[in-house]
Amino acid sequence: MSVKFNLYGSEGCHLCEEALALCLAVMPAADICVVDILDDDKLVTLYRVHIPVLEHLSSQEKLFWPFEQAQVLELL
């Protein structure tokens with residue numbers, strides 16, 4: 001199995017933890033790569049005030065917080 005989604009966030013972000021839990025309720029953990037935006041200046045510039053952001057890697061569609069489980073299911 002390969003990673004199908006990136007979940008952009010930062011360590012200690014309670015919204016990011018909530019988004020991860022929401023995603024894990026509907027997809028396997030192996031499908032998600034959690035990316036800490038603080039490790040990349042470009043990602044900080046892109047997502048600084050928008051995290052968490054869920055990106056479907058094959059379609060490059062993104063969900064910006066706040067998103068709901070139904071929206072994640074549509075992205076699958």
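None of the values given here were measured: they were computed from a predicted structure.

**Student:** I tried to follow the side chain of Asn-6 on my own but got confused; where do I start?
**Tutor:** Examined against the element boundaries, Asn-6 turns out to sit in strand β1 (residues 5-9). For Asn-6, the side chain forms a polar contact with the side chain of Tyr-8, separated by 3.1 Å. Excluding anything up to four places from it in sequence, Asn-6 contacts Cys-33, Val-35, Val-53, Leu-54, Glu-55 and Leu-57.

**Student:** Whenever I open this one, the nonpolar core confuses me. Can you help?
**Tutor:** For soluble globular proteins, the rule of thumb is that nonpolar side chains tend to be buried together. One finds Leu-7, Cys-23, Met-27, Leu-54, Leu-63, Phe-67 and Val-72 to be the most contacted residues of the largest nonpolar core, which totals 13 residues. For this core, the element with the highest residue contribution is helix α1 (residues 14-24), accounting for 3 residues. Excluding its chain neighbours within four sequence positions, the residues that come into contact with Cys-23 are Ile-32, Leu-54, Phe-67 and Val-72. Listed in part, the 10 residues of the second largest apolar core include Tyr-8, Val-35, Tyr-47 and Val-53.

**Student:** Which parts of the structure should I look at to understand unusual backbone geometry?
**Tutor:** Excluding glycine, residues mostly carry a negative phi; peptide bonds, for their part, are mostly trans. Omega for the bond connecting Ile-51 with Pro-52 falls within 30 degrees of zero, at 0°, which places this linkage in the cis form. With respect to the element layout, Pro-52 can be found in the loop between α2 (41-47) and β3 (53-56). Phi at Gln-60 is positive, roughly 65°, even though this residue is not glycine. Residue placement: Gln-60 occurs in the loop between β3 and β4 (62-64).

**Student:** Explanation requested: the sheet that holds β4 in the structure shown.
**Tutor:** Sheets are built from strands that pair by backbone hydrogen bonding, the pairs being arranged parallel or antiparallel. Within the open sheet, the 4 strands sit side by side as β2-β1-β3-β4. Their pairing is mixed. Among the strands making up the open sheet, the edge pair consists of β2 (32-36) and β4. Across the sheet, the mean angle from the axis of one strand to that of its neighbour is 20°, orientation sign disregarded. Where β1 and β2 come together, 5 bridges link them in parallel fashion. Considered in β2, the bridge of Tyr-8 is made with Val-35.

**Student:** I keep staring at the pairing of β1 and nothing clicks. Help me out?
**Tutor:** Regular strands place side chains that alternate from one sheet face to the opposite one. Among the 5 residues in β1, 5 count as buried, and that is most of the element. The alternating pattern of β1 places Phe-5, Leu-7 and Gly-9 on one face and Asn-6 and Tyr-8 on the opposite face, and all of these are buried. For the handedness criterion, the β-α-β arrangement of β1, α1 and β2 is classed as right-handed. In the sheet, β1 pairs with β3 via 4 bridges, with the strands oriented antiparallel. Note on β3: the bridge partner recorded for Tyr-8 is Val-53.

Definitions and limits used
Residues numbered from 1 in each chain as written. Predicted model: local features only at pLDDT ≥ 70, side-chain atom pairs only at ≥ 80, totals over all residues. Heavy atoms only, no water. Helix = DSSP H or I, 4+ residues; strand = E, 2+ residues; numbered from the N terminus. Polar contact = N/O pair within 3.5 Å; in protein donor to acceptor, adjacent residues only side chain to side chain. Contact = heavy atoms within 4.5 Å. Core = buried A, V, L, I, M, F, W, Y, C linked by side-chain atoms within 4.5 Å. Buried < 20%, exposed > 50% of the residue type's maximum accessible area, 1.4 Å probe, protein only. Pairing = 2+ DSSP bridges. Axes fitted to C-alpha atoms, helices over the stretch in contact; angles between N-to-C directions. Right-handed = clockwise from strand over helix to strand, strands pointing away.

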